[in-house]
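Structural characterization, general
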Amino acid sequence: MAYARWRHMLIESQRHALKAVDEWNCSSGNFGDFLTHMHKAWHYLLHAAFRKDGIDYHYKDAQTGQYKMIAGRPTRSL
């Protein structure tokens, strides 16, 4: 059974959160690694929620309706 794309994002969010907690509990863990993985966990969680609810979270130009470019790359991956 294939999961919806938002479900894969949710699973990835859980994976990063578990890795962050593991870094926190490890005696030789790095606080920077904890912050990095927890940030990614929240990032994937919010993207999964937006995708499930059908909310487009990309930047669009108000006048043209085109996706904005940041550093020469479109904000929406095709």
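All residue numbers refer to position in the chain's written sequence, counted from 1. A pLDDT threshold of at least 70 governs which residues receive local features in this predicted model, and a stricter bar of 80 or more applies before side-chain atom pairs are shown or counted, although totals over entire chains, interfaces and linings include all residues. As a rule here, side-chain values come from all non-hydrogen atoms in the structure, and water together with hydrogens is ignored.

Before going further, it helps to spend a moment on the overall build of the protein chain. Labels follow the DSSP assignment, with helices taken as runs of H or I lasting at least four residues and strands as runs of E lasting at least two, numbered in each case from the N terminus. Looking only at helices and strands, the protein chain has 2 helices and 2 strands in total. Helices and strands appear in the protein chain in the N-to-C order α-α-β-β. Throughout, the radius of gyration refers to the C-alpha atoms, and the reference size of a globule is 2.2 Å times the residue count to the power 0.38. Computed over the C-alpha atoms, the radius of gyration of the protein chain is 16 Å, more than 25% above the 12 Å expected from 2.2 N^0.38 for a compact globule of 78 residues. Its C-alpha atoms give the protein chain principal-axis dimensions of about 55 × 35 × 15 Å. Taken over 78 residues, the protein chain has a buried fraction of 14%. Contacts are residue-level and defined by heavy atoms, with any inter-residue pair within 4.5 Å sufficient. When contacts within the protein chain are restricted to residue pairs at least 6 apart in sequence, those whose partners lie at least 24 apart make up 35%. Working definition of accessibility: Shrake-Rupley area with a 1.4 Å probe, residue cover restricted to the visible protein chains. Accessible area for the protein chain stands at about 6400 Å²; split by element, carbon and sulfur atoms hold 56% of it. Neither His nor the chain ends contribute to the count of charged residues, in which Lys and Arg are positive and Asp and Glu negative. Note on charges: their place is set at NZ of Lys, CZ of Arg, CG of Asp or CD of Glu. Looking at the protein chain, you have 11 positive and 7 negative side-chain charges, and the mean spots of the two groups are 7 Å apart. Here's how the labels work: a residue is buried when its accessible area is under 20% of the maximum for its type, exposed when over 50%, partly exposed in between, all with a 1.4 Å probe on protein chains only.

What follows covers the pattern of salt bridges. Throughout this description, the term salt bridge denotes a Lys or Arg side-chain nitrogen within 4 Å of a carboxyl oxygen of Asp or Glu. Under the criterion given, the structure shown has 2 salt bridges. In this structure, arginine 15 and glutamate 12 form a salt bridge, with 2.6 Å as the shortest nitrogen-oxygen distance. With arginine 15 and glutamate 12 both in helix H1 (residues 5-25) and 3 residues apart, the pair spans about one turn of that helix. We classify arginine 15 as partly exposed; its relative accessible area is 48%.

Between its terminal C-alpha atoms helix H2 (residues 31-53) stretches 33 Å, which fits the 33 Å expected from 23 residues at 1.5 Å a residue. Considered for burial, the residues of H2 that qualify are Phe34, His37, Ala41, His47 and Ala48. Buried residues along H2 sit against H1. Phi for glycine 54, located one or two positions after H2, is positive at around 75 degrees. Here a helix's expected span is defined as the number of its residues, less one, multiplied by 1.5 Å.

For H1, built from 21 residues, the straight-helix expectation of 30 Å at 1.5 Å per residue is met to within 8% by its first-to-last C-alpha distance of 31 Å. For H1, every residue scored as buried is listed here: Met9, Ser13, His16, Ala20 and Glu23. For H1, the angular spread of buried residues about the axis comes to 85 degrees, placing them on one side. For H1, the exposed residues set more than 90 degrees away from the buried face come down to Leu18 and Asn25. Among the structural elements, H2 are those in contact with the buried residues of H1. By arc we mean the arc of the directions from the helix axis to the C-beta atoms, nothing more.

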